[in-house]
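# Survey of secondary and tertiary structure
Spelled out from the first residue to the last, the chains are:
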Amino acid sequence: WKFFCREEREKREKERPLVYNIEEGNLTNVRKELQRNLGLLNQQDDAGITGLMTACMLGLTRIAMFLVAEKADVDMQSKKGWTALMFACKHNHLETASFLVKVGADVSLKSKAFWFNTARQVSSKSVKSLWRSAWVKTMAQKNAKEKKAKKEHEVYVEKGRWRGHAVVPEQAAA
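Here goes a summary of the coordinates provided. (Residues numbered from 1 in each chain as written. Predicted model: local features only at pLDDT ≥ 70, side-chain atom pairs only at ≥ 80, totals over all residues. Heavy atoms only, no water.)

Direction vectors running N to C along helix H5 (residues 61-69) and helix H7 (residues 94-102) enclose 20°, while the axes themselves pass 9 Å from each other. Between H5 and H7, the interaxial angle falls into the category roughly parallel. Two packed elements cross with a definite hand, and for H5 against H7 that hand is right-handed. Across from Thr61, Ala64, Met65 and Val68 in H5, the residues of H7 making contact are Glu95, Thr96 and Phe99. (Axes fitted to C-alpha atoms, helices over the stretch in contact; angles between N-to-C directions. Helix = DSSP H or I, 4+ residues; strand = E, 2+ residues; numbered from the N terminus. Parallel < 35°, antiparallel > 145°, perpendicular 65-115°, else oblique. Left-handed = near helix turned anticlockwise from the far one by under 90°. Contact = heavy atoms within 4.5 Å.)

Further remarks concern the side chain of Asn21. Examined against the element boundaries, Asn21 turns out to sit in helix H2 (residues 17-24). Not counting residues up to four positions away in its chain, the partners in contact with Asn21 are Asn26, Asn29, Val30 and Glu33.

Before going further, it helps to spend a moment on H2. Counting buried positions along H2 yields seven of eight residues, so the element is predominantly enclosed. Residues Pro17, Leu18, Val19, Tyr20, Asn21, Ile22 and Glu23 constitute the buried set of H2. Positive phi shows up at Gly25, right after H2, with a value of about 75°. (Buried < 20%, exposed > 50% of the residue type's maximum accessible area, 1.4 Å probe, protein only.)

Here we take up the packing of aromatic side chains. Counting across every chain of the model gives one aromatic pair. A centroid spacing of 5.3 Å and a plane angle of 45° characterise the contact between Trp82 and Phe87, whose relative ring orientation is tilted. The class for Phe87 is buried, based on a relative accessible area of 10%. (Phe/Tyr/Trp six-rings, centres within 6.5 Å; stacked < 30°, edge-to-face > 60°.)

Remember, this is a structural readout, not a statement about activity or role.
Here it is as structure tokens:
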């Protein structure tokens, strides 16, 4: 990323200061940018790429950890449907991918591309070992159960069966 000409770097720094500092690998400046404007945390560019996705693409695990601690959305998808986990796997960053799975990144999310749908499918050979490990399978099962329980709860509340009472349409209108 450091091969841009000076004018291009200055332009990038003005347009997307958080991503610029992430690309530079400067955690101190990333902290400062987020203190100035927390709204930059999940901001997407024209392609839908966030700061967390950029950090994962470059294998900057410490910066990714900081962004997740600041509540960056680990399951946010780019316009092509790629997540931070997919970028970490595609670019061969095992430590970053392991961290994302550990904090609950959804391993089952699919991209919009028809040939590579999940993070597992875009993984390079060295990251493939991550998917064979037992704890990833356990985390994936745990995430699926939690999402299913949350969805069932939302349906339960939506149908008006909260606290054992069914809402009759006439009562709801009154």
